[in-house]
Amino acid sequence: MRKLRAGLLRLSGLFRKDKRDAEFSSEMESHLQLHIDENLRAGMSALEARRKALIKLGGIEQTKVLVRERRGLPMVEVLLQDLRFAGRTLRRNPGFTSVAVLTLALGVGANTALFSVVKAVLLNSLPYRQPERLITLARGDSQTPNPTNVSYGETEDWKDRSRSLQQIALYHGWTPSSSASGAPEMVFGLRVTRNFFETLGTSPYLGREFLPDEDRPGRWHVVLLSYPYWIRGFGADPNAVGQTVLLDQISFRIIGVLPQSFEPLSFTDAGSPPDVWVPLGYDRSLPNACRTCQHLRAVARLKDGVSLGQVRAEMNSIASQLAHEFPKDYPPDAAVLVLPLRESWYGNITAALWLLFGATALVLLIACANVANLLLTQAIKKRPEVALRSALGASRFRIVRQLLTESILLSLIAATGGVLLAFWGTPLLLKWAPAEVPVLKGVHFDLGILLFTLGIAAATGILMGLVPALATARGDHLEALQQSSRALRGASRGWTRGFLVSSQVCLAFVLTVASGLLLKSFVLVWRVNPGFNVQNLYEVNFSLSGPKYENDKAVVRAQTEVLGHIRQIPGVESAGLTSTPPIAGRFGSLDQSGFIVQDRRIPDSQVPSVDRYIVSPGYFPTMEIPLLRGRLFTEADVAGSYQVAIIGEMTARQFFPGENPLGKRIQLGAREDDRPWAEIIGIVGDVHQYGLDAPATPQAYLLYSQFPFNYATVLFARSTVAPAALTRAMDEQIRAVDKDTLVFNPALMTEILSHSLAQRGFTMALLSAFGALALLLAAVGIYGVMSYMVAQRTGEIGIRMALGAQRRDVLELVSRDGMLRAGLGLLAGLLVSLALTRVLTSQLFIVSALDPTTFGGVLLLLAGVAFGACYIPAQRATRVDPMVALRYE
Amino acid sequence: MGDKKDVWQGTLALMVLKTLQALGPLHGYGIARRIEQTSGDLLAVNYGTLYPALLKLEQEGYISSEWGTSDTNRKAKYYKLTRAGRKQLEKEAREWEQTTEILARFLAPGKESA
């Protein structure tokens, strides 16, 4: 307590120093006078009295210093002194300071921005109770190494047999239409089992959770609202609970509102958080509720004390048991994929994020090396000053500390700039970021990020300041005082400089190679033929809802009518519809079914699967998917009852090797011999279903009138009409058929395509930006060092030229030095890259991590840049007038 | 003067407090003189030690100071004991007595064998 009080007083002692000094002087003065008075009383002469008193008092100045030290905090005072001095030095060299600050601010800003993303995605815990105990489960086998889904039946068995799971909750996406505000609009929702919220560890803010009785077929017409939807759609009215809403023309009773803090994060693929939550009410009596019908997702909570390894072992043994008991449904190698929730959601962007984070760290290192080089130049100019201070008794520690204060001050100023840069830059970054990562909305500045920035600023300051500081404080001060060391003796510190240049080149090489590899992948991905013509292709979705569409015929009639209306729009060349659009992007749409050939009897578990599309005859001409053999669907097929099918090229090649598939009869789904079989009438080209960077897959097409589907219908139109006008016209025409139809997600195919490559493009663009920054910084670094060296050797060059050296010789002399260092850097960069680029593999497409053209190109590019940075100063050196140069000494 | 002993840091604070208790408010010079006199001129108070010690005591709140006028009509800074200083004095004096007592027992000749 007393110590604290004393400390505070000492801290305040740092201020108003002059006044306190004056006061102490007068105290000393009075002390002296009192002493003299007494000596006089003792009978001394005035002179003697004063002399004795002064002797007794001892060194007044020393006492003052002692008191001053006791009064304030000497450490802090020295620091303030150093700071003031450093501030003066930096102000005196505005050019140096601004270059250094800008360089560092870019590095620190990039790091801070990336760290805020890394923190939100990889470090912050998910906003659920004990999130580390949450896992996702998915059933796979060797054929499907990255499964995402489960079937209802198998999870019932898992529940019964597992001892390590506390809860398993199931959910799937649901996007009903709501006409609450006039025109129908799409509402994002999830259908979940009643224990979903309990599993995550949340309970409603208003109202109640689902009752067990409500999670049943036919009983599930109750809804929980998300907090934002309650605000937006119901004006935060507490009386909303108990009211009813119409979703898909069915009335639902609102039973509660979820808390504001509840973040649904990545439960939907659409990138939009769900607004409504309704019970799953799973009907096991439906034909698509089979054991292998995996259209649900599972999130589960582990029991306390159960490890991930234990649950993995347990789930896989259960999967083997089930495969044994139901050989018809499961392949013998059936397994369960158990992933921590975070990994399951963000696993695919984790690698890219760490990659970018690493890249920014490299950029910062290069910036550090640059500024260290600048500081070194400054330090050499400062040598006489340092030598003088050293001669006057300053300790080496004191001098190093002074110089370090300068570099740390520099990095702190830069950090301030960097934080501002990141503060404004991060939202920009996030705007470009792919929407598949909704958690990015949670990126914001907080104390942790500030501490991180402060930490790297301090580390940067020390890292870049230490070498020059030690170099300056070391060394022969006598020599420095004599000023004779300047010219030809740069060699001793040349080593440090050379090292800095080489390491810059090395780091820049690594970054440039990495961005080169990604760039090449990106270009190659774009060159992939998607299997259809993306130009002037337009997509819109519509969904027919309500009781009147429970009849399949009504659905087909409405779909046909819509097609007819769309074709009427002026400027629309053709139109077609499909159940699933190619290039799974925004909705991750996919629809896989078993591919069953009538004359092949094989166990169900070995039936291959294909992507299933249910289309109209106009689909192929509209998409410009080429017909390879046979014929396409016709309007006659639509009207007729004889079932027909078309298959993709890969399906033909894989499932009918050496056979003619035309005329074969197939079923998609499970084998049902009493159902009609569809005859294969044509073979078309393959389309890329899972993105341009994913391999083509086996595909099969059925006719919409023969296999009616009533969920979102995807309509494609080829037209040169401006998108905005077309959107309006299509919307009108679709709703002319039924005004309650929900029309959503209109988009140009080219947009969808670039969206599907958004993450790849984002990573590539950022990494390229960092690579370019690194290249620029390295070029500036080499240029700076070379210019400095040329300036140092002006005298020498003058002598050489006076003695008859040619321009060429001088050019060679100067640039050889720089190129040697750059060359060493390139060599090191090459080796480091060869070792490091394999971390990129997951982000590459076709391109090998050791792609020789990329490596070669980068080598040439960097050598060129290094040469340019050496050549300009060297060129300047040759223009030195020998007379001027000689006088320079 | 060279043969006189300098006062140890720790004990100087105690002496200052005791002096102020005995004599009331007093200036730095007076404190120094009093300590020297009380020691029978065996001690010499080093001002380089005294003033930092006074400052420290003041910062810790054991003494306070204000400017006043001496009996010889000189302006001087007077130090006086605070309530906390009085307590601290009692505490330190007690501790010191204990210490010396213990040491005395150790150093007293012959007692061990008795």
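Computed from a predicted model, the values in this text were never measured in an experiment. (Residues numbered from 1 in each chain as written. Chains lettered and ligands numbered in written order. Predicted model: local features only at pLDDT ≥ 70, side-chain atom pairs only at ≥ 80, totals over all residues. Heavy atoms only, no water.)

1. Section: helix α25 (residues 807-836) of chain A
All names here are of chain A.
- Its 30 residues place the ends of α25 42 Å apart at the C-alpha level, agreeing with the 44 Å of an ideal helix rising 1.5 Å per residue.
- The largest bend in α25 is about 30°, located at Arg-816.
- Val-810, Leu-811, Leu-813, Val-814, Ser-815, Gly-818, Arg-821, Ala-822, Gly-825, Leu-826, Gly-829 and Ser-833 are the residues of α25 that are buried. (Helix = DSSP H or I, 4+ residues; strand = E, 2+ residues; numbered from the N terminus. Expected span 1.5 Å × (residues − 1). Bend = angle between axes of the 7 residues up to and from the residue. Buried < 20%, exposed > 50% of the residue type's maximum accessible area, 1.4 Å probe, protein only.)

2. Regarding the pattern of salt bridges
Residues and elements named next belong to chain A.
- In this structure the tally under the stated criterion is 31 salt bridges over all chains.
- Residue Arg-735 pairs with Asp-731 through a salt bridge whose shortest N-O separation is 3.6 Å. Of this pair, Arg-735 and Asp-731 both sit in helix α21 (residues 723-737), four residues apart, which is roughly one turn of that helix.
- You can call Arg-735 partly exposed: its relative accessible area is 27%. (Salt bridge = Lys/Arg side-chain N within 4 Å of Asp/Glu carboxyl O.)

3. Re the packing of aromatic side chains
All names here are of chain A.
- This structure, assessed with the given rule, holds 32 aromatic pairs over all chains.
- Grouped by ring-pair contacts, the aromatic residues Tyr-128, Tyr-171, Phe-196, Phe-197, Phe-210, Phe-262 and Trp-277 constitute a single cluster.
- Of note, Arg-191 hangs over the ring of Trp-220, and the distance from its end group to the ring centre comes to 3.5 Å. (Phe/Tyr/Trp six-rings, centres within 6.5 Å; stacked < 30°, edge-to-face > 60°. Lys NZ or Arg CZ within 6 Å of the ring centre and 35° of its normal.)

4. Let's talk about the sheet that holds strand β5 (residues 75-81) of chain B
- The three strands are arranged β2-β5-β4 (chain B) in an open sheet whose pairing can be described as antiparallel. Single-partner strands in this sheet number two, and they are β2 (26-27) and β4 (63-69) of chain B.
- The pairing of β2(B) with β5(B) spans two bridges and is classified as antiparallel. Bridge pairing links B:Leu26 to B:Tyr79 in β5(B).
- Strands in contact with helix α2 (residues 17-41) of chain A are β2, β4 and β5 of chain B; relative to β5(B), the strand with the most contacts, it is inclined by about 100°.
- Contacting β4 and β5 of chain B, helix α3 (residues 47-59) of chain B runs over the sheet at an angle of about 115° to β4(B). (Pairing = 2+ DSSP bridges. Contact = heavy atoms within 4.5 Å. Axes fitted to C-alpha atoms, helices over the stretch in contact; angles between N-to-C directions.)

5. Observations regarding the interface of chain A and chain B
- Counting residues at the interface gives 25 residues for chain A and 27 residues for chain B.
- Roughly 2500 Å² is buried in total at the junction of chain A and chain B, and carbon and sulfur atoms are behind 58% of that figure.
- Linking chain A with chain B are four salt bridges, by the criterion used here.
- Between A:Glu23 and B:Lys77 there is a salt bridge, with the nearest N and O atoms lying 3.0 Å from each other.
- Our enumeration of links across chain A and chain B arrives at nine residue pairs in polar contact (both at pLDDT 80 or more).
- Those elements giving two or more residues to the side of chain A that touches chain B turn out to be α1 (2-12), α2, α3 (46-57) and α4 (60-71) of chain A.
- It is α2(A) that contributes the most residues to the side of chain A that touches chain B, 13 residues altogether. (Buried area = accessible area lost by both parts, 1.4 Å probe. Polar contact = N/O pair within 3.5 Å; in protein donor to acceptor, adjacent residues only side chain to side chain.)

6. Structural notes on the pairing of strand β14 (residues 572-578) of chain A
Residue and element names in this part refer to chain A.
- Counted residue by residue, β14 has six buried out of seven residues, so it is predominantly covered.
- As defined by bridge partners, β14 adjoins strand β22 (residues 713-719) across six bridges and the pair is classed as antiparallel. Looking across to β22, one finds that Thr-578 is bridged to Val-714.

7. Quick notes on the domain arrangement of chain A
- When its domains are assigned, chain A resolves into domain 1 (2-72), domain 2 (73-127 + 348-485), domain 3 (142-333), domain 4 (490-528 + 752-889) and domain 5 (546-739).
- Using only C-alpha atoms to locate each centre, domain 1 of chain A and domain 3 of chain A end up separated by 82 Å. (Domains from an automatic or database assignment.)

8. Quick look at the environment of A:Asn551
- Tracing the sequence through the fold places A:Asn551 in the loop between β13 (537-543) and α17 (552-568).
- Separated by 157 residues in the primary sequence, A:Asn551 and A:Pro708 have C-alpha atoms spaced 9.7 Å apart.

9. Observations regarding a nonpolar patch on the surface
- On the surface, a cluster of nonpolar side chains totalling about 480 Å² of accessible area is made up of A:Leu412, A:Leu447, A:Leu450, A:Leu451 and A:Leu454.
- Following the sequence through the fold, A:Leu450 ends up in helix α14 (residues 447-473). (Patch = residues over 30% accessible without salt bridge, like charges linked within 9 Å, V, L, I, M, F, W, Y side chains within 5 Å. Areas by Shrake-Rupley, 256 points an atom, 1.4 Å probe, with all protein chains shown as cover.)

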